[in-house]
Amino acid sequence: LGRVVDSETGDPVTRFTIASSPQPNPMYLPPHTKQRFSDREDGSFEYLDARAGKHHLIVQSPGYAGGRSEPIQVEAGASAVGVVVEMVRGAKVSGTLIGTDGAPVTGAEVSLIPGRNNNLPPNPFTDAISKQLKSRGSRRAMTEIDGRFHLDNVLGGKYHVSATHEDYAAMESPEIEVGDTGHVEVGPFSMARGGVIEGLIRTASGDPDPRAQVMVSPLGGGAMQAGRSKATDTEGFYRVKGLLPGT
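### Section: the packing of aromatic side chains
Moving on, step 1. Evaluation of the coordinates by the stated rule reveals three aromatic pairs.
Moving on, step 2. Clustering of aromatic rings is evident, with ring pairs tying together F16, F37 and F45.
Moving on, step 3. Here R89 stacks its cationic end above the ring of Y64, 4.2 Å away from the centre of that ring.

Put into structure tokens, the structure is as follows:
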């Protein structure tokens, strides 16, 4: 039992989602741990069915970067009361994407990926899965006509700016550091127009295959997340763009 409040004003937060994790900074929150609350004028909540053991309550709410409780020890058959979770609004991250010709890149999807754990040995497979899990729920934005992007309510920490666009090779920036509050300007970051692979897929009988899915992935230990896919059209034709140089 507890309350969710604004860290700056102390006012109650009336709509939020709570998940439970044994870790303070979990990579992934299983859906079955999430409970939603709305119309809570006093910010109160009753998080039910928590297993015995140590828990951190991870709270998300629109307009906030997030919030986390102190570790809570739950005993079997008992209730923990008086829990207060303070929600922080976080920082704002802005920047610009440009092409190698200096022109702004419009319509790119930009996201923040938490910095990697440098104590782990490099492994393309686990790195790809880790990035996919960490990017779920991360802040995302589309670049505007001038190549600008803005990401609001970002938790303090170290991140990489990741950008993808159908016509450009994927870009990942060097690590940036974001404070708990304020406005951080990053970049500009450059995106190179990628290569193109196109072709025709036929069925065993020689007819064009209009239902094929073509995946293009780099060979030789490249980043798995750089792979791109495209469905064939009604004539069996495909065209995959935005590919990095390589095999």
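Next, the rest of the story.
### Topic: unusual backbone geometry
Moving on, step 1. With an omega dihedral of 5°, the bond running from G187 to P188 counts as a cis peptide bond.
Moving on, step 2. With respect to the helices, strands and loops of the structure, P188 is situated in strand β16 (residues 183–191).
Moving on, step 3. Of note, the phi angle at D39 is positive, near 55°, even though the residue is not glycine.
Moving on, step 4. Of note, D39 is situated in the loop between β3 (35–37) and β4 (44–45).
Moving on, step 5. The phi torsion at N153 lies on the positive side, around 55°, for a residue other than glycine.
Moving on, step 6. Among the secondary structure elements, N153 is positioned in strand β12 (residues 148–154).

### Some words on the sheet that holds strand β9 (residues 91–99)
Moving on, step 1. One open sheet holds the three strands; their spatial order is β12-β9-β16, and the pairing between them is mixed. Each end of this open sheet is capped by a strand with a single partner; those strands are β12 and β16. Averaged over all pairs of adjacent strands, the angle between strand axes in this sheet comes to 20°, irrespective of strand direction.
Moving on, step 2. Judged from the seven bridges that link them, β9 and β16 form a sheet pairing that is parallel. Bridge pairing in β16 links I98 to S190.

Conventions and cut-offs
Residues numbered from 1 in each chain as written. Predicted model: local features only at pLDDT ≥ 70, side-chain atom pairs only at ≥ 80, totals over all residues. Heavy atoms only, no water. Phe/Tyr/Trp six-rings, centres within 6.5 Å; stacked < 30°, edge-to-face > 60°. Lys NZ or Arg CZ within 6 Å of the ring centre and 35° of its normal. Helix = DSSP H or I, 4+ residues; strand = E, 2+ residues; numbered from the N terminus. Pairing = 2+ DSSP bridges. Axes fitted to C-alpha atoms, helices over the stretch in contact; angles between N-to-C directions.

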